[in-house]
Amino acid sequence: MKKVYLGVGHGGKDSGAVGYIVEKDVNLQMALACKEYLEANGVEVKISRTSDIDKELTQRINECNEYNPDVAVDIHNNAGGGDGFEVYHTLGGGTGKILAQNIEEEIKAIGQNSRGLKTKRGNNGDYFGFIRCIKCPSIITETVFVDNKADASQADELHEQKTFGQAIAKGILKTLGVNSENKPVTESKPVQVVENTYSYKDFVGDVQKSCGAKVDRIAGSETLSKTVTVSRYKNNRHAVVKPIQRYLNVLGYTEVGYVDGIAGEKFEKAVNRYQKEVLHYKKTDGEITKGNNMWKSLLKLI
Ligand SMILES: [Zn+2]
């Protein structure tokens, strides 16, 4: 059985590049979709993380070498104002370069432009640790630029992230000489990422940041006064939607669904249950109103 190691760039405290989308989150969804696709086609996969946790590069490298796969891919997204996909392989070329070519081909096939195959030289050969220190052929993919609005918009929805992950998988399968016809059975189901590591303080900090309050991770009247009304109908794509979705998940209101930054029906459902159970509202309204009790409750100010 062929074996693949998937490194998921960043995670936990290290969010990676942040722009119109957050790199660590997008990397994870792409990698999970890639894993699912590879496994559906009979490949064994080890993935560096399946939730939003810290996993440093050195840990990924050690884990990968211990696993001893046929190939390894570290999944990232880019920043710096460029446009398009790029992939790094070793200065030595070989299977790593073929892998990079095969993935590039699949990425182009789904409509993303490519900046090409790249190498980077450092003092000890390859610059990137993931390529230099890993014993099997290894590459680093950079799918879109998170800080380029148009480029990022191609990967700001879950189904798009999955399509990119599957394209990476197809390139890997081609390199391994494995048939890539099988579609994962769970393909249409969104992957629910339960983030146990997201704390109350993280939430407060994210609310402060997204609402333009002073960021000290301590909630008070200033934070409350900067909050905005969020519902299916108001500010439903505001930057604060993501932290709310994340935090409601942690609190057990998992019906809020995937953390996609869009307040829709699921969001409303979770808010209604919270209002009923925590705030004992007789009539729920599905809205987190600026400065109101639900905000106070989430921020632990009542
Ligand atoms: Zn990265």
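Residues numbered from 1 in each chain as written. Predicted model: local features only at pLDDT ≥ 70, side-chain atom pairs only at ≥ 80, totals over all residues. Heavy atoms only, no water.

**Concerning the coordination of the zinc ion**
For the zinc ion, the full set of protein donor atoms is H10 (NE2), E23 (OE) and H76 (ND1), at a range of 2.1 to 2.2 Å. Mapped onto the sequence, the donors of the zinc ion take the spacing H-x12-E-x52-H. With H10 in the loop between β1 (3–8) and α1 (23–40) and H76 in strand β3 (residues 71–78), this residue pair connects regions lying 66 residues apart in the sequence. (Donors = N, O, S within 2.8 Å, 3.2 Å for Na, K, Ca; no water. Helix = DSSP H or I, 4+ residues; strand = E, 2+ residues; numbered from the N terminus.)

**Some remarks on the layout of surface pockets**
Computed from the structure, the largest pocket encloses a volume of approximately 1200 Å³. For the lining of the largest pocket, the elements supplying multiple residues, two or more each, are α1, α5 (149–152), α6 (158–176), α7 (200–211) and α9 (241–250). Among the elements that line the lining of the largest pocket, the one with the most residues is α7, at five residues. Shared between two domains, the lining of the largest pocket takes at least three residues from each, and those domains are domain 1 (3–176) and domain 2 (200–298). (1 Å grid on protein atoms, 1.4 Å probe; cavity = no way out; pocket = protein on both sides within 12 Å on 5 of 7 lines; lining within 4 Å. Points joined across faces, edges and corners; volume = space filled by probe spheres on them. Domains from an automatic or database assignment.)

**A closer look at the packing of α1 against α6**
It is the contact of α1 with α6, at a shortest axis distance of 7 Å, that shows an interaxial angle of 50°. It follows that α1 is oblique to α6 by the angle criterion. Both α1 and α6 take part in a crossing whose hand is right-handed. Residues V26, Q29, M30, A33, C34, E36, Y37 and L38 of α1 form the contact with α6, whose participating residues are L158, Q161, K162, F164, G165, Q166, I168, A169, K170, I172 and L173. (Axes fitted to C-alpha atoms, helices over the stretch in contact; angles between N-to-C directions. Parallel < 35°, antiparallel > 145°, perpendicular 65-115°, else oblique. Left-handed = near helix turned anticlockwise from the far one by under 90°. Contact = heavy atoms within 4.5 Å.)

**With respect to the packing of aromatic side chains**
Under the criterion given, the structure shown has four aromatic pairs. Look at Y88 and F128: their rings are 4.9 Å apart centre to centre, the planes differ by 70°, and that puts the pair in the edge-to-face class. Of this pair, Y88 sits in strand β4 (residues 85–88) while F128 is found in the loop between β7 (125–126) and α4 (129–132), placing the two residues 40 residues apart along the sequence. A centroid spacing of 4.1 Å and a plane angle of 10° characterise the contact between F203 and Y247, whose relative ring orientation is stacked. In this pair, F203 sits in helix α7 while Y247 sits in helix α9, placing the two residues 44 residues apart along the sequence. Considered together, F203 and Y247 belong to a single accessibility category, that of buried residues. An aromatic cluster is present here, built from Y88, Y127 and F128 joined pairwise through their rings. (Phe/Tyr/Trp six-rings, centres within 6.5 Å; stacked < 30°, edge-to-face > 60°. Buried < 20%, exposed > 50% of the residue type's maximum accessible area, 1.4 Å probe, protein only.)

**Considerations on the environment of K234**
Topologically, K234 is positioned in the loop between α8 (221–226) and α9. Residues K234 and E287 lie 53 residues apart in sequence; the distance between their C-alpha atoms is 8.4 Å. Setting aside chain neighbours within four positions, we find K234 in contact with T229 and E287.

**A closer look at the nonpolar core**
Counting 38 residues, the largest nonpolar core has L6, L38, V73, I103 and I172 as its most contacted members. Counting only elements with at least two residues in this core, the list comes to β1, α1, β2 (44–47), β3, β4, α3 (94–109), β8 (138–145) and α6. If you tally residues by element for this core, the top one is α1, at eight residues. The next biggest cluster of nonpolar side chains, apart from the first, holds 27 residues, and it includes V230, V240, Y253 and L299. (Core = buried A, V, L, I, M, F, W, Y, C linked by side-chain atoms within 4.5 Å.)

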